Amino acid sequence: MPEINYFAVIVAALLSFAIGGLWYSPLLFGKMWLEEIKLKAEEIKQKPSVFILSFTFSVIAVFIVADLLGPNPELVNALAISGLIGVLVFLGLGITYQFSNRTLRHLLIDGGYHIVQFTMFGLILGSWH
């Protein structure tokens with residue numbers, strides 16, 4: 001994978017973390033998400049390993065998207081392909097959420113984050129040459 005922009009991959013992974021922090025904050029969907037999982041903010045205790053694994057998974061996901069897009073992808077194509085990957089993740093979550101009796105609102109919050117996350121991957125990878 002010598003043609004992958006490794007700096008763009010790390011930046012995209014870091015931005016996905018930032019977007020997730022905002023997405024699940026009280027400013028956007030945090031309160032609704034907590035209602036969906038039936039917890040209060042003070043009841044959530046995250047271990048450092050959750051953040052380490054989440055960042056690792058984001059880096060791997062960006063690498064996969066970068067490999068699929070190839071070297072120097074056009075911005076429009078990168079956005080379209082990565083956005084469609086986000087939709088596939090959304091649909092996969094939708095299948096799982098149906099069998100685990102989660103609500104449509106929960107799916108829209110979690111799946112929506114992944115559509116935005118993957119589209120942002122395409123934005124970074126498609127514009128950073």
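In case you missed it, the structure is sitting above this.
About the thresholds
- Residues numbered from 1 in each chain as written.
- Predicted model: local features only at pLDDT ≥ 70, side-chain atom pairs only at ≥ 80, totals over all residues.
- Heavy atoms only, no water.
- Salt bridge = Lys/Arg side-chain N within 4 Å of Asp/Glu carboxyl O.
- Helix = DSSP H or I, 4+ residues; strand = E, 2+ residues; numbered from the N terminus.
- Buried < 20%, exposed > 50% of the residue type's maximum accessible area, 1.4 Å probe, protein only.
- Patch = residues over 30% accessible without salt bridge, like charges linked within 9 Å, V, L, I, M, F, W, Y side chains within 5 Å.
- Areas by Shrake-Rupley, 256 points an atom, 1.4 Å probe, with all protein chains shown as cover.
- Phe/Tyr/Trp six-rings, centres within 6.5 Å; stacked < 30°, edge-to-face > 60°.

**Here we look at the pattern of salt bridges**
Side chains that carry opposite charge are capable of pairing whenever their charged atoms lie near each other. Applying the stated criterion across every chain yields a total of 2 salt bridges. The closest approach of N and O atoms between Glu35 and Arg105, which form a salt bridge, is 2.6 Å. Highlighted residues: Glu35 in helix α2 (residues 30-37) and Arg105 in helix α5 (residues 104-127), separated in sequence by 70 residues. Here Glu36 and Arg105 are joined by a salt bridge, their closest N and O atoms 2.7 Å apart. Taken as a pair, Glu36 in helix α2 and Arg105 in helix α5 lie far apart in primary sequence, 69 residues in all. For Glu36, a relative accessible area of 16% translates into the label buried.

**Looking at a nonpolar patch on the surface**
On the surface, a cluster of nonpolar side chains totalling about 510 Å² of accessible area is made up of Leu53, Phe57, Ile60, Ile64 and Leu68. Tracing the backbone shows Leu68 in helix α3 (residues 48-69).

**Here we look at the packing of aromatic side chains**
Each aromatic ring pair is described using two quantities: the centre-to-centre distance and the angle formed by the ring planes. For the structure on display, the rule yields 9 aromatic pairs. Measuring from ring centre to ring centre gives 5.4 Å for Phe7 and Trp128, while their planes differ by 85°; the resulting arrangement is edge-to-face. In this pair, Phe7 is assigned in helix α1 (residues 6-23) and Trp128 in the segment after α5, connecting sequence segments 121 residues apart. Take Trp128: its relative accessible area is 31%, and that puts it in the partly exposed class. On the numbers, 6.4 Å between centres and 55° between planes, the contact of Trp23 with Tyr113 is tilted. Taken together, the residues Trp23 in helix α1 and Tyr113 in helix α5 connect sequence positions 90 residues apart. Here Trp23 falls in the buried class, since its relative accessible area comes to 13%. The exposure class assigned to Tyr113 is buried, which follows from its relative accessible area of 9%. Three or more aromatic residues joined by ring pairs form one cluster here, namely Trp23, Tyr24, Phe29, Trp33 and Tyr113.

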